[in-house]
Amino acid sequence: LRGRVILRGWVGDDALYELYRTADIFVLPSWIEGMPNSLIEGMSSGLCPVVTNVGIIPDFLCDQKHGLLVPPRSVDALYDALSILIKTPDLRVEYAQAAYTLSKQFDKDCVISELSDIIESRVSN
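The rules behind each value
- Residues numbered from 1 in each chain as written.
- Predicted model: local features only at pLDDT ≥ 70, side-chain atom pairs only at ≥ 80, totals over all residues.
- Heavy atoms only, no water.
- Buried < 20%, exposed > 50% of the residue type's maximum accessible area, 1.4 Å probe, protein only.
- Helix = DSSP H or I, 4+ residues; strand = E, 2+ residues; numbered from the N terminus.
- Pairing = 2+ DSSP bridges.
- Core = buried A, V, L, I, M, F, W, Y, C linked by side-chain atoms within 4.5 Å.
- Contact = heavy atoms within 4.5 Å.

## A word on the pairing of strand β1 (residues 25-28)
Here β1 shows a clear split, with Phe26 and Leu28 buried on one side and none of Ile25 and Val27 buried on the other. For β1 and strand β2 (residues 48-52), the ladder comprises four bridges, and the chain directions are parallel. Bridge pairing links Leu28 to Val51 in β2.

If you want it as structure tokens, here you go:
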């Protein structure tokens, strides 16, 4: 993979958003997660996600609608998912657009409004 994959380690915000801007696919093959901010950032940057179906990720991201979910620790499933998206750019774009729309529900204005409504309903009772 030399020359094709670069492991950059930690990068600052400006460099991170530049990397998102120049990518097509967001890959997060975690073994354990909650709801990773990096996934939300990738989706809101217009990337097609390929992520493991761990934590609460599958509660939000639907396989073959917003991207592809793969089992944790499955190199073969990750390979297959990436192969599909590389070979079918139209599908990759379709998933990326759906993921972008999904990312909007994590927007601070939406979340703050929803949280305010929940707090208000609890205080009113």
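Structure's up, so let's keep going.
## A look at the nonpolar core
Judged by nonpolar contacts, the single largest core of 16 residues is most densely connected at Phe26, Leu39, Met43, Val51, Ile57 and Leu61. Broken down by secondary-structure element, the contributors of at least two residues to this core are α1 (13-22), β1, α2 (37-44) and α5 (89-103). Residue contacts for Leu61: discarding those within four places in its chain leaves Leu39, Met43, Pro49, Val51, His66, Gly67, Leu69 and Leu102. If you look at the next biggest cluster of nonpolar residues, it comprises 10 residues, including Val50, Val70, Ala77 and Leu78.

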